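Fold and contact review
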Amino acid sequence: MIVYGRNPVGEALRGRRAHTVKDIWASGGAAREPWLEGVKVKLVSGEELERRCGSNAHQGICAEAGGYPYVGSEELLKVSGEPLLLALDQIVDPQNLGSICRTAECAGASGVIIPERRSADVTPAVCKASAGAVEHLRIAKTRNIADFLGDARERGYWCYGASTSAEAVPYDQPDYTGRVVLVLGSEGSGLRPRVAGACDQLIALGQHGQIQSLGVSAAAAALLYGILHGRSKGLDKAP
């Protein structure tokens, strides 16, 4: 995989697949970045960089790394403590997947689960959109999101699905303590019925404007930090 962009390359060099990074190509300016001190870099033109990575968003640097190291879904479910997982149902836009992963990593999420089919994979474009967050975030694939949620509930997780349906409660109503899975649906149609049915509760963000839709990456950011806030309130109430 050719990873491109300053943050994605930098995080690849210190993330879970650092040992797989091979050649690094950079323009003169990017090669002088302090974080590249002591790293072997091949100086090339901007045209050569674009040819290698297939994008003009390379920011003067790209690197060859091994394939993305997905983890098993079982590994995510075995996380100790009070993990916060994200289950993404058919998020097909690489920019959305990358943005969600960036927020998830910043918010301290324990991992992300995506379906094997009808979903964006972790590609160089997703690495770029995540600003390298995918290098530190555990991401797993599953054959069926609804079945994964069933397994999670058997392990003591509470599954909350983002929805605009009438059954959804305001997102700030639950306290989110314990083991939690936040479930987000596709950009166009939201959660599929079976996935929604596998959730313990549906939650909704307030819609106070003139349009009745919010992009999935923006919704993910609001809900993730809403969950963190809810957890902090829960801790405040603890004896």
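Quick look at the structure, then.

1. Overview of the layout of surface pockets
Any space left empty among the atoms is revealed by the rolling of a water-sized probe across them. Volume-wise, the largest pocket comes out at about 490 Å³. Lining the largest pocket we find 27 residues, and of these Ala162, Ser163, Thr164, Gly190 and Leu214 sit closest to its centre. Looking at the lining of the largest pocket, the elements with two or more residues in it are helix H8 (193-197), strand S11 (201-204) and helix H9 (216-237).

2. Here we look at the sheet that holds strand S7 (residues 139-142)
The strand order S7-S6-S5-S10-S8-S11-S9 describes an open sheet built from seven strands, whose pairing is parallel. Every interior strand has two partners, whereas the edge strands, S7 and strand S9 (169-170), have only one. Where strand S8 (residues 157-162) meets strand S10 (residues 179-184), five bridges bridge the pair, whose relative direction is parallel. Within S10, the residue paired with Tyr160 across the bridge is Leu182. Its contacts with the sheet put helix H5 (residues 94-106) on strand S5 (84-88), strand S6 (111-115) and S7, and the angle it makes with S5 is roughly 175°. On top of the sheet, helix H7 (residues 145-154) reaches S5, S6, S7, S8 and S10; it is set at about 145° to S8, its chief contact.

3. Some points on the pairing of S7
As judged from the four bridges shared by S6 and S7, these two strands associate in the parallel manner. Across the sheet, Ile113 pairs through a bridge with Ala140, a residue of S7. Once you follow S6 into helix H6 (residues 124-129) and on to S7, the crossover reads as right-handed.

4. Quick look at the pattern of salt bridges
In the structure shown here, the tally under the stated rule is twelve salt bridges. Lys42 serves as the salt-bridge partner of Asp23, at 3.5 Å between the closest nitrogen and oxygen. You can see Asp23 sitting in the loop between helix H1 (6-14) and strand S2 (24-26) and its partner Lys42 sitting in strand S3 (residues 42-43), a full 19 residues away along the chain. Judged by relative accessible area, which is 36%, Lys42 ranks as partly exposed.

5. What about the side chain of Gln90?
If you trace the backbone, Gln90 turns up in the loop between S5 and H5. Aside from chain neighbours lying at most four places away, what touches Gln90 is Pro115, Arg118, Ser186, Glu187 and Arg192.

6. What about the environment of Ser186?
Tracing the sequence through the fold places Ser186 in the loop between S10 and H8. Using a relative accessible area of 12% as the deciding quantity, one classes Ser186 as buried. Residues Ser186 and Pro34 lie 152 residues apart in sequence; the distance between their C-alpha atoms is 40 Å. Sequence-distant contacts of Ser186, that is, excluding residues within four places in its chain, are made with Asp89, Gln90 and Ile91.

7. Observations regarding the sheet that holds strand S4 (residues 61-64)
Pairing in this open sheet of four strands is mixed, and the strands run S1-S4-S2-S3 from one edge to the other. Each edge of the sheet is formed by a strand with only one pairing partner; in this case those strands are strand S1 (2-4) and S3. Note: S2 against S4, three bridges, orientation antiparallel. Counted as the bridge partner of Ala26 is Ile61 from S4. Sheet contacts for helix H3 (residues 46-53): S1, S2 and S4; angle to S4, the most-contacted strand, approximately 40°.

Reading the values: the criteria
- Residues numbered from 1 in each chain as written.
- Predicted model: local features only at pLDDT ≥ 70, side-chain atom pairs only at ≥ 80, totals over all residues.
- Heavy atoms only, no water.
- 1 Å grid on protein atoms, 1.4 Å probe; cavity = no way out; pocket = protein on both sides within 12 Å on 5 of 7 lines; lining within 4 Å.
- Points joined across faces, edges and corners; volume = space filled by probe spheres on them.
- Helix = DSSP H or I, 4+ residues; strand = E, 2+ residues; numbered from the N terminus.
- Pairing = 2+ DSSP bridges.
- Contact = heavy atoms within 4.5 Å.
- Axes fitted to C-alpha atoms, helices over the stretch in contact; angles between N-to-C directions.
- Right-handed = clockwise from strand over helix to strand, strands pointing away.
- Salt bridge = Lys/Arg side-chain N within 4 Å of Asp/Glu carboxyl O.
- Buried < 20%, exposed > 50% of the residue type's maximum accessible area, 1.4 Å probe, protein only.

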